[in-house]
Amino acid sequence: MIVVGAQWGDEGKGKVIDLLTKQAEAVVRFQGGHNAGHTLVINGQKTVLHLIPSGIFNDAKCIIGNGVVLHIPTLLDEIKSLQTKNINIENKLLISSQCPLILPTHILLDEARENALGNKAIGTTGRGIGPAYEDKVARRAIHLMDLLDPVIFKQKLRNLMSYHNFILENLYQTPSEDPEKIEDLWLSFADIIKPFIADTTDVINTMLVNKSNVLFEGAQGSMLDIDHGTYPYVTSSNTVAGAASTGTGIGPGVFNKILGITKAYTTRVGSGPFPTELNDENGKHLAEVGVEFGATTGRPRRCGWLDIVALRKAIINNSISHLCLTKLDVLDGLDKIHVAVEYEISGERYSTMPNINKDHLSRCKPIYKQFEGWQATTSGATSIGQLPEQAKQFISSIESLLSTKVALVSTGPDRKDIIVLDKIFN
Ligand code: IMP
């Protein structure tokens, strides 16, 4: 099964993956990097992970596939933090030898490009993601396996960093980084990380041949996809379900169920079009009650109503077979709830988000369907029977507007705050 974000990221994938991992033998990341942030609350204790799959709190193997761009210092921090919480990672964490590395100069380039864009900045997480993927596509990336050979690593590092430094100094007129300062430090990482390096395609394939349940964990969301998102206000990887294939080396024929995660409303961090954005009391309610601050950067998230038009596109782009609706409880207490069911752009109506440029999209007028709110709490509900009638109505309307089954409803941040409507794994 593949789990993907169906919006602009931050849909609450971490919690759902953590839940589903109980029935999985492995959980696999296949794209993105430490721009992702999964917040998990287990027995009241909060952990934020950026790279290691959220399944690490269960018995499953946690695999980082070749599609992930790897920032080793972040990985080592996460390993250390899990070890201090007595979470066992030995023989559980496996990392593809083919992951491209994020270097300190990728981060400097990310910052320099954003600064140069001024008020047209993408609003990246500043983690060097875009520059690292650029180097991969330009065939000059350093892979994790290169770190295991000091001669090769030093050579590649000097070549790549001198190219980065040239751009930093000459194009952006910003300070560069001396490769000599980092090469020995990074080579010292090799000993720590070596036991975790594997041919992850082979590991995953063997598990699938043995009929194990393997969960593929997407990062970010469909609308941030480099091809299918709101370009250029997107991340630099393919975030849609198809990336589970290229980002692991497992062909597309094995993927059957695709679970799309959506909040009961919409958020986005960073710049770019957001047709249902709210700058009123309702928006304030969603931000405050939903505690909408980025797990990676701490930035406040923009908030708005649920966007069925965008979700219809996500369902097509990902082949979403089931939905998980998160943060239903954040809508508690609202008088009226709206969901966008169509867009009107220059007098034309669209029921699915169209492929038009960002300027058109930013001028689009959402056509809303209005729902009665509920003045009761859904917080912590674990069965559909505990929900007020209006909340049940809301869920079944989403199913019919999207012609897709809602399999899970999350009603709070804790692992136990979940309603299971369909046993999706088996
Ligand atoms: P980048 O991935 O750091 O290059 O950022 C590109 C865009 O994707 C920015 O709008 C970021 O805010 C957004 N983004 C990247 N990762 C996440 C995420 O995990 N959740 C939500 N937005 C993200």
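Residues numbered from 1 in each chain as written. Predicted model: local features only at pLDDT ≥ 70, side-chain atom pairs only at ≥ 80, totals over all residues. Heavy atoms only, no water.

Colleague: What's the story with the site of the ligand in this structure? I'm lost.
Modeller: Near the ligand there are 16 residues, and of these Asp10, Asn35, Thr125, Thr235 and Arg299 occur at the shortest range. One of the side-chain nitrogen or oxygen atoms of Asn35 is found 2.9 Å away from an oxygen atom of the ligand. At 3.0 Å, a side-chain N or O of Arg299 approaches an oxygen atom of the ligand. When the free accessible area of the ligand is taken as 470 Å², the share hidden by the protein chains comes to 97%. Tallied by class, the residues present in the shell around the ligand amount to six nonpolar, eight polar and two charged. Each of domain 1 (2-90 + 199-223 + 249-420) and domain 2 (104-195) gives at least three residues to the shell around the ligand. (Near = heavy atom within 4 Å. Polar contact = N/O pair within 3.5 Å; in protein donor to acceptor, adjacent residues only side chain to side chain. Areas by Shrake-Rupley, 256 points an atom, 1.4 Å probe, with all protein chains shown as cover. Nonpolar A, V, L, I, M, F, W, Y, C, P; charged D, E, K, R; others polar. Domains from an automatic or database assignment.)

Colleague: How should I be thinking about the nonpolar core in this particular structure?
Modeller: The biggest cluster of nonpolar side chains holds 64 residues, and the ones touching the most others in it are Ile2, Phe216, Leu328, Leu331 and Phe394. With six residues, the top contributor of residues to this core is helix H10 (residues 308-318). Each residue touching Phe394, except ones within four places of it in the same chain, is listed here: Ala264, Leu306, Leu325, Leu328, Leu331, Ile337, Val339, Phe371 and Trp374. With 55 residues, the next largest nonpolar core counts Met1, Ile52, Cys62 and Phe153 among its residues. (Core = buried A, V, L, I, M, F, W, Y, C linked by side-chain atoms within 4.5 Å. Buried < 20%, exposed > 50% of the residue type's maximum accessible area, 1.4 Å probe, protein only. Helix = DSSP H or I, 4+ residues; strand = E, 2+ residues; numbered from the N terminus. Contact = heavy atoms within 4.5 Å.)

Colleague: I'm lost on unusual backbone geometry in this one. Help?
Modeller: Among all residues except glycine, the phi angle is most often negative; among peptide bonds, the trans geometry is most common. Here the bond from Tyr231 into Pro232 is cis, since omega is 5°, no more than 30 degrees from zero. One non-glycine residue with positive phi stands out, namely Asn86, at about 60°. When you line up the elements, Asn86 lands in the loop between helix H2 (72-84) and strand E6 (93-96). For Asn86, a relative accessible area of 70% corresponds to the exposed category. One non-glycine residue with positive phi stands out, namely Lys327, at about 60°. Its relative accessible area of 23% is what places Lys327 among the partly exposed residues.

Colleague: Looking at this structure, I do not really get the pattern of salt bridges. What am I missing?
Modeller: Any two side chains of opposite charge can pair, given that their charged atoms come close. Scanning the model with the defined rule gives 20 salt bridges in all. Between Lys284 and Glu281 there is a salt bridge whose closest N-O contact spans 3.9 Å. Taken as a pair, Lys284 and Glu281 lie in helix H9 (residues 281-289) at a separation of three residues, close to a single helical turn. Overall, the relative accessible area of 58% leaves Glu281 in the exposed class. Note that Glu292 and Arg301 form a salt bridge whose closest N and O atoms lie 2.7 Å from each other. Residue Glu292 is classed as buried on the basis of its relative accessible area, which comes to 1%. (Salt bridge = Lys/Arg side-chain N within 4 Å of Asp/Glu carboxyl O.)

Colleague: What is the right way to look at the packing of aromatic side chains in this model?
Modeller: Geometry of an aromatic ring pair is reported as the spacing of the ring centres plus the angle between the planes. Under the counting rule described, the total for this entry stands at five aromatic pairs. A centroid spacing of 5.5 Å and a plane angle of 45° characterise the contact between Trp8 and Phe274, whose relative ring orientation is tilted. Within this pair, whereas Trp8 is found in the loop between strand E1 (2-5) and helix H1 (13-20), its partner Phe274 is found in the loop between strand E10 (266-268) and H9, the two being separated by 266 residues in sequence. Exposure class is identical for Trp8 and Phe274. Each is buried. A centroid spacing of 4.9 Å and a plane angle of 85° characterise the contact between Phe216 and Phe255, whose relative ring orientation is edge-to-face. With Phe216 in strand E8 (residues 214-217) and Phe255 in the loop between helix H8 (243-246) and strand E9 (258-263), the pair connects residues that are 39 residues apart, well separated along the chain. Here the two residues Phe216 and Phe255 agree in accessibility, since each one is buried. In this structure an aromatic cluster arises from ring pairing among Phe371, Trp374 and Phe394. (Phe/Tyr/Trp six-rings, centres within 6.5 Å; stacked < 30°, edge-to-face > 60°.)

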